[in-house]
Structures are given as structure tokens and as C-alpha cells.
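# Descriptive structure summary
Residues per chain are reported as follows:
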Amino acid sequence: MLTRYMAGVVAARTGDEMSGPALLVAGLAATGSPLLGASLLAGLTVSAAVGGPLLGVLLDRARRPGRLLAGCLLGYAGGLLLVAYGVGRAPGAVLVALAAVTGLAGPALTGGWTGQLPLVSGPDARRLTRATTLDAMSYNVAGLAGPAAVGVVAAVGGGTAAVPVSVALLLIALPAAWTLPARDLPATAAAPPPVLDGVRVVVRNRVLRRATAGSMVSCAGAGMFVVSAPVLGLELAGDSGRGTLLLAVTAAAGLAANGLLAWRGGPRRWDTTLVRSTALIGLGMATAAGAGALAGAYWLAVVAAAMVGAGEGPQLTALFAVRQREAPAGLRSQVFTTGASLKMTSFAAGSALAGPLSAHAAGAALLAGAALQAVAVAVLFHRAADERGGR
């Protein structure tokens, strides 16, 4: 069952990672300007804050949550096709609105799947830990393969060819989603839980509150790194494509770090891992800013990108482990989709802020991102201190 789950989730998340860059490329190919593509990407991601909590409620009350996930995959794929078809044919405002509606299903591709891991792995704690680590690795695989696939497909088939490939990957994940295990619902589940129950759990549980707040701040900083990477490549190597390769280095390092984590069986203290990995991300971003201050120091930027990835991989695994441990069983999907929604919105905010900063200099955006990681460490550190003191 876990093998089928991983095959489905890797296909779904790779298609998701392709969708944003594919729309950017399609908009650029149709209009000659990056403005439309950037607006479509913003619409696709910002609406996740609304869709996540509602989707979590529906998943938690569904006896067959996989069927709902399959429906979300279909809706997301269909929305992407409509947006891509409308580029160059329909008004931009209409397309952005359609992208925003499509983005409501976005959390299904992230937290929606992860929330079902206990159904896939069973009650054994060690199997759940292993499944959580592998699930986090799927993000690294998708982050590495998705953008690279867009570049290859666009080069071979043209600017509009990447969207259908993204849609095809989403559809490939349908059988795995459809066949996810059913759950036994208690009699009280007949009445739908309030939409904000998952939000209340996150707010009232001190551990979840700190983990969620810290991950949001950190994710905003990650958005700054993604936006500034192409500019950094242009500054250091005269080619923005060399900057995009830095993102591939980050994804590969995250995959390797999570692979090592899975091989070792995971740490005993996930809360401490969350703090340390976030600190490593900040150190990597500060190092990248230092590379920007040194003409021709592209090699240092590669090292910095690897440091960021070595932090991001374990950070995501640790965050998932904390959520699995702290979330009530009947509200687990809500907690995961709410957390995913908040992180996606934070990423969009950080990306928007990084635009004008990186236009001045990539180092400015990278230093701002490193500062956000320091704030995230401060937020998370209190929880780790509680853990060491024995709560």
C-alpha cells in the first residue's frame, strides 16, 4: 500500500510543481511578457488559504478520503487545462480568477495526501515515521523533477506544451488516490465538524501553534530564495539559467538529507530537528548572500544552495512528524491542509516581497530571507527548550 501511495503522491506533486512554471512559460509564450504568467501563478497559490481548511473538513468526515482526493486531482487538472487554453484568447482577469478557483484544490496535493498516512502505514509508530520521511522526500523529488521537466518540454514542444504534461501526471496519480484505504468513522462523525475546528486545534495546541508559525515564517524566506536564485545566477555567472540550477541543487540536497534520515530511522526529538534544520536554511541563505557580494563566486552559491536543501528536507519531515504526533485523529486532515494552506500563502507573500528586493540585488533578498529564518528559529526554539526540559 505504501508503494502505491508513494507512486501516486510523487506523480501528483511533480505535476503540481510543474503547474506554476508551466503557466509562467505559457503566459510568456502567448503574450511576450511575464506579467500574465506571474499573475496566474499568484492566483493559483494565494487561494490555497481558503481551500485548505474546507478541504480538511471534507477529508476528515469522508469514509473514503481517497475518492475526494481523486476528485480534487480531476478538478485541478481540468482547471489548469482551461487556464492554458484561455491564454491569449480570454481576458487576463478572467484567467486569474479561474486560476484562483483551481488553486482551491491545491492543498489536496500537499497536506491532503499526507493527512492519510496513518491509514496507509497502520498503527505501528516506526512504520509511520518511515512513511512520513518518505512522504517528505516526495516533495524533494517533485521539486527537482517538476521545474526541470518544464524546461525540457518547453524547449522541445514549445511554451504551451508543459501544461498538458503537468495534467497527465496529475491524472496518473488518480488510481493511487482512488484506492487509498477507507477509515472507520465514529457515530459522532455523522454531523460535519465545524470548518474552523482544525484552525482551533492549531491555535490552541502550543506545539502545533509554534511549529505552524515557525514554518510559515521560514516558508516566506524560502520564497525569497526561489525568486532571488535566477538573479543570483545572472550576477555571478551571467546566466539566469545557472541560478535555476541552484534550485535543483537545493532539491537534490533535500532529497539526500531525507534519505539519510530515513536510513537512520529518524531522530528521537523531531522538535529539535525542526529548530536545527531551520537554522541551517538561514545559514545557507546568508552564505548565498555572501556569494553575491563576491564577483565570480558561483561555487560558493552552489554550496549555499546545498546547505539550504540539507535544511529544508529534514525540516519538512520534522514538521510532518510533529503534526502526526500532536493532531487529534479526527482532525488530522484539517490540521495538515490548514498548515499547507498557510505555508503556500506565506510562500506567495515572501515571493512578492522578494521581487523588488532582488531587482536591486539578489543579496538583499537573500539577507531578508536569512533574517526570516532567524525569526523562525526564535519561534521554534521555545518548543525545543520545553522538550529538553521534559514537559
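Let me begin by describing the structure that accompanies this report. Here the residue numbers are simple positions, counted from 1 along each chain's written sequence. Where totals are concerned, whole chains, interfaces and linings use all residues; where local detail is concerned, this predicted model gives features only for residues with pLDDT of at least 70, and gives and counts side-chain atom pairs only at 80 or more. Hydrogens and waters are ignored; side-chain quantities use all the structure's heavy atoms.

### Describing a nonpolar patch on the surface
Taken together, V50, V101 and L104 make up a surface patch of nonpolar side chains, about 270 Å² in accessible area. By definition, any uninterrupted DSSP run of H or I lasting at least four residues is a helix, any uninterrupted run of E lasting at least two residues is a strand, and each is numbered from the N terminus. Summarising the element assignment, V101 is placed in helix 5 (residues 92-103). We classify V101 as exposed; its relative accessible area is 54%. Grouping into patches uses exposed residues only, defined as over 30% relative accessible area, and leaves out salt-bridged ones; the cut-off is 9 Å for like charges and 5 Å for nonpolar side chains (Val, Leu, Ile, Met, Phe, Trp, Tyr). Note on areas: Shrake-Rupley with a 1.4 Å probe; residue coverage comes only from the protein chains shown. Whenever Lys or Arg places a side-chain nitrogen within 4 Å of a carboxyl oxygen from Asp or Glu, that contact is recorded as a salt bridge. With a 1.4 Å probe rolled over the protein chains alone, any residue whose accessible area is under 20% of its type maximum counts as buried; one over 50% counts as exposed, and the rest are partly exposed.

### Describing the pattern of salt bridges
Side chains carrying opposite charge are able to pair once their charged atoms draw close together. Taken as a whole, this structure holds three salt bridges when the rule is applied. As a salt-bridge pair, D271 and R325 come within 3.0 Å of each other at their nearest N and O atoms. In this pair, D271 sits in helix 14 (residues 270-293) while R325 sits in helix 15 (residues 298-326), placing the two residues 54 residues apart along the sequence. Among the ionic pairs, R325 bridges to E326, the shortest N-O distance being 2.9 Å. For E326, a relative accessible area of 16% corresponds to the buried category.

### With respect to the environment of P65
Position of P65 among the secondary structure elements: in helix 4 (residues 65-86). Its relative accessible area of 0% is what places P65 among the buried residues. The spatial distance from the C-alpha of P65 to the C-alpha of W113 is 9.2 Å, given a sequence separation of 48 residues. Among all residues touching P65, those that are not within four sequence positions of it are L59, Q116, L119, P181 and R183. In what follows, a contact means two residues having at least one pair of non-hydrogen atoms within 4.5 Å.

### Comments concerning the packing of helix 1 (residues 2-31) against helix 9 (residues 162-172)
Note on geometry: axes are lines fitted to C-alpha atoms, helical ones only across the stretch in contact, with angles between N-to-C directions running from 0 to 180 degrees. Look at helix 1 against helix 9: their axes get within 8 Å of each other, and the N-to-C directions meet at 160°. It follows that helix 1 is roughly antiparallel to helix 9 by the angle criterion. In the packing of helix 1 onto helix 9, the handedness of the crossing is left-handed. Residues A11, A12, T14, G15, D16, M18, S19, A22 and L23 of helix 1 form the contact with helix 9, whose participating residues are A162, V163, V165, S166, L169, L170 and I172. For the contact of helix 1 with helix 9, the per-class residue count stands at 11 nonpolar, four polar and one charged. Under this scheme an angle from 65 to 115 degrees is roughly perpendicular, one under 35 degrees roughly parallel, and one over 145 degrees roughly antiparallel; angles in between are oblique. Handedness of a crossing follows from how the near helix is turned relative to the far one, being left-handed for an anticlockwise turn of less than a right angle and right-handed for a clockwise one. Lys, Arg, Asp and Glu make up the charged group, whereas Ala, Val, Leu, Ile, Met, Phe, Trp, Tyr, Cys and Pro make up the nonpolar group; the residues left over, Gly among them, are polar.

### As for the nonpolar core
Grouped together as the largest cluster of nonpolar side chains are 43 residues, with contacts concentrated most on Y5, L40, L73, L80 and W113. Take this core: its biggest share by element is nine residues, from helix 1. Setting aside residues no more than four positions away along its own chain, L80 makes contact with S19, L23, L44, T102, V163, S166, V167 and L170. Formed by 19 residues, the second largest nonpolar core is a distinct cluster that contains M285, A288, L300 and A370. As used here, the term nonpolar core means buried Ala, Val, Leu, Ile, Met, Phe, Trp, Tyr and Cys residues forming a set that is joined through side-chain atoms within 4.5 Å.

### Let's talk about the packing of aromatic side chains
Centres within 6.5 Å are what make two rings of Phe, Tyr or Trp a pair, Trp counting through its six-membered ring; a difference in plane orientation under 30 degrees is then read as stacked, over 60 as edge-to-face, and the rest as tilted. The full count for this structure, using the stated rule, is three aromatic pairs. Between Y5 and W113, the ring centres sit 5.6 Å apart and the planes meet at 65°, which makes this aromatic pair edge-to-face. Here Y5, found in helix 1, pairs with W113, found in helix 6 (residues 111-114); they are 108 residues apart in sequence, far enough to count as distant. By relative accessible area, which is 1% here, Y5 ends up buried. Among the aromatic residues, those joined into a ring-pair cluster are Y139, F320 and F336.

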